[in-house]
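Commentary on secondary and tertiary structure
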Amino acid sequence: MGRMEGKVAFITGAARGQGRAHAIRLAGEGADIIATDLAGPVDTVSYEPATPEDLAETVRAVEELDRRIVSFTADVRDFDSLKAGLDQGVAELGGLDVLVGNAGIINSVLPSWELDEANWQTMIDINLSGVWHATKAAVPHLIERGPGGSVILISSTAGLRGIPNIAHYNAAKHGVLGLARTLANELSPHRIRVNSVHPTNVRTTMIDNPSSAKIYRPDLESPTFEDSLDALANINMWDVPYLDVDDVANAVLFLACEESRYITGIALPVDLGMSMKYSGA
């Protein structure tokens, strides 16, 4: 028996990267999965978007583990479509036990006063309001399931400290932390645990692109991911530049399963010590 046997988990941003890893890790422990992703381009985002084929690959990987999965495309900015897809998945799979609010983007890398309205608003709409939409759609199902359940919101070390030139990302990820702490209080009568996860850089398409490399190598006009590796390693306590997706998925599994049954309202860094690193005088 796996640690998630008989459970159903809803994961946003599940087409690739961290979202796919969460789906595979939970399914590997026995969970059935409801997976959603926009699987298409986003205005203001310059790196390659996820595709329907990516989402289909997540479905294939979960089914290969002999678990059921319902997938649908939706924009987390569109609450009605997100709710409709989730409702259908819950009806098919019989309930909901876990939400992993994972969908997110990065766009312009600029000082806060140079950001334009479109970049700011798109970031807040997806990385904060989109997470709220996921909780708004999922919580009634979690309550209906009966006491218990787990909400896991993927924030960032940028939700614990300020990182220059991505103020909109920092603001959204700090907001996710505030949302998680509030939900932990609101859902405590239902014994639903709510926690946030705060990774350092994770090697996914969102990080491995020239736009994101600019965060850590602003001195270069068009830096590559490889140009940023030394700077990425320097921000962590250990001389390691980034996490793998499975490192975050393991933390998600812990917070989803009964091993964390009395853990709620925490901000869990999975960050190679980044959030606590002493940088010197």
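Residues numbered from 1 in each chain as written. Predicted model: local features only at pLDDT ≥ 70, side-chain atom pairs only at ≥ 80, totals over all residues. Heavy atoms only, no water.

1. With respect to the overall build of the chain
What counts, and what does not: Where helices and strands are cited, they refer to DSSP runs of H or I of at least four residues and of E of at least two residues respectively, numbered from the N terminus. Note on method: radius of gyration uses C-alpha positions; expected globular size equals 2.2 Å times residues raised to 0.38. We call two residues contacting when some pair of their heavy atoms lies within 4.5 Å. Here the accessible surface of atoms and residues is derived via Shrake-Rupley with a 1.4 Å probe, and residues count as covered only by protein chains that are part of the display. Residues counted as positive are Lys and Arg, residues counted as negative are Asp and Glu, and His and the chain ends are not counted. For this purpose, a charge sits on NZ of Lys, CZ of Arg, CG of Asp or CD of Glu.
Secondary structure summary: the chain contains eight helices and seven strands in total. Whereas a compact globule of 281 residues would reach a radius of gyration of roughly 19 Å, the chain reaches 18 Å, a difference of no more than 12%. Expressed as a percentage of contacts within the chain between residues at least 6 apart in sequence, the contacts between residues at least 24 apart total 73%. Entry remark: accessible area of the chain is about 12400 Å², with carbon and sulfur atoms responsible for 51%. Computed over 22 positive and 37 negative side-chain charges, the inter-centroid distance for the chain is 7 Å.

2. Remarks on the environment of Ser 71
Tracing the sequence through the fold places Ser 71 in strand β3 (residues 69-73). Spatially, the C-alpha atoms of Ser 71 and Ala 14 are 9.0 Å apart, while their sequence positions differ by 57 residues. Residues in contact with Ser 71, not counting those within four places in the same chain, are Ala 35, Leu 55 and Val 59.

3. Some remarks on the sheet that holds strand β7 (residues 267-270)
For clarity, the threshold we go by: Pairing between strands requires that DSSP locate at least two bridges from one strand to the other. An axis is simply a line fitted to the C-alpha atoms; with a helix, the fit covers only the stretch in contact. Between two such axes, the angle follows the N-to-C directions and lies from 0 to 180 degrees.
Judged by pairing direction, the sheet is parallel, and its seven strands sit side by side in the order β3-β2-β1-β4-β5-β6-β7 without closing on themselves. Looking at strand neighbours, the two that pair on one side only are β3 and β7, the edges of this open sheet. The mean inter-strand angle of the sheet, taken between neighbouring strand axes irrespective of direction, is 15°. One ladder, built from four bridges, connects strand β4 (residues 98-101) with strand β5 (residues 150-154); its direction is parallel. From the neighbouring strand, Gly 101 faces β5, where its bridge partner is Leu 153. Helix-sheet contacts for helix α2 (residues 52-64) involve β2 (32-37) and β3, and the interaxial angle to β3 is about 175°.

4. Digging into the layout of surface pockets
So the rule is basically this: Cavities and pockets are defined on a 1 Å grid built over the protein atoms alone: a cavity is a set of grid points where a 1.4 Å probe fits but cannot escape, while a pocket is an open set with protein on both sides within 12 Å along at least five of seven lines, and lining residues are those with an atom within 4 Å of any such point. Grid points are joined across faces, edges and corners, and a volume is the space filled by probe spheres set on the points. Residue polarity is assigned by list, with Asp, Glu, Lys and Arg as charged and Ala, Val, Leu, Ile, Met, Phe, Trp, Tyr, Cys and Pro as nonpolar; anything else, Gly included, falls into the polar class.
Counted as a void, the largest pocket has a volume near 810 Å³. Lining the largest pocket are 46 residues, and of these Tyr 47, Ala 103, Gly 104, Ile 105 and Met 206 lie nearest its centre. Of all elements in the fold, only α1 (17-28), α5 (167-186) and α6 (210-216) reach the threshold of two or more residues within the lining of the largest pocket. Its residues assigned to classes, the lining of the largest pocket shows 26 nonpolar, 15 polar and five charged. Looking at the second largest pocket, its volume works out to about 370 Å³. Among the residues forming the lining of the second largest pocket, the class breakdown is ten nonpolar, six polar and eight charged.

5. What about the nonpolar core?
If you look at soluble globular proteins, the nonpolar side chains tend to sit buried side by side. What counts here: In these notes, a set of buried Ala, Val, Leu, Ile, Met, Phe, Trp, Tyr and Cys residues joined through side-chain atoms within 4.5 Å is what counts as a nonpolar core. Here the term buried applies to any residue with accessible area under 20% of the maximum for its type, exposed to any over 50%, and partly exposed to those in between, with areas from a 1.4 Å probe on protein chains only.
Phe 10, Ile 34, Leu 86, Leu 96 and Val 194 are the most contacted members of the largest nonpolar core, which totals 54 residues. Sorting elements by how many residues they give to this core places helix α4 (residues 117-145) first, with nine residues. Apart from residues lying up to four places away in sequence, Ile 34 is in contact with Val 8, Ala 9, Phe 10, Ile 11, Val 70, Phe 72, Leu 86, Gly 89, Val 90, Leu 93 and Leu 96. If you look at the next biggest cluster of nonpolar residues, it comprises 32 residues, including Ala 9, Val 248, Leu 253 and Cys 257.

6. Observations regarding empty space enclosed by the protein
For the structure on display, the rule yields one cavity of 30 Å³ or more. What the largest cavity holds in volume is close to 30 Å³. Together, Thr 12, Val 76, Gly 101, Asn 102, Ala 103, Ile 126, Gly 130, Val 131 and Ala 134 line the largest cavity. For the lining of the largest cavity, the element with the highest residue contribution is α4, accounting for four residues.

7. Notes on the side chain of Asp 271
Rule in force here: For salt bridges, the criterion is a side-chain nitrogen of Lys or Arg within 4 Å of an Asp or Glu carboxyl oxygen. The term polar contact refers here to a pair of N or O atoms within 3.5 Å; inside protein, the definition further demands a hydrogen-donor-capable atom paired with an acceptor-capable atom, and it admits residues adjacent in sequence only when both atoms are side-chain atoms.
Within the secondary structure, Asp 271 is located in the segment after β7. At 7.0 Å, Arg 161 is the nearest oppositely charged side chain to Asp 271, a buried residue that forms no salt bridge. Among the polar contacts listed, one links the side chain of Asp 271 to the side chain of Ser 275, at a separation of 2.6 Å. Dropping the residues within four chain positions of it, Asp 271 is found in contact with Thr 157, His 198, Pro 199, Thr 200 and Asn 236.

8. Considerations on the environment of Tyr 242
Examined against the element boundaries, Tyr 242 turns out to sit in the loop between α7 (229-234) and α8 (245-256). Sequence separation between Tyr 242 and Arg 203 is 39 residues, and the spatial gap between their C-alpha atoms is 6.1 Å. Beyond its immediate sequence surroundings of up to four residues, Tyr 242 is in contact with Asn 201, Arg 203, Phe 225, Leu 229 and Leu 272. Of note is the side chain of Tyr 242, whose polar atom sits 3.1 Å from the side chain of Arg 203.

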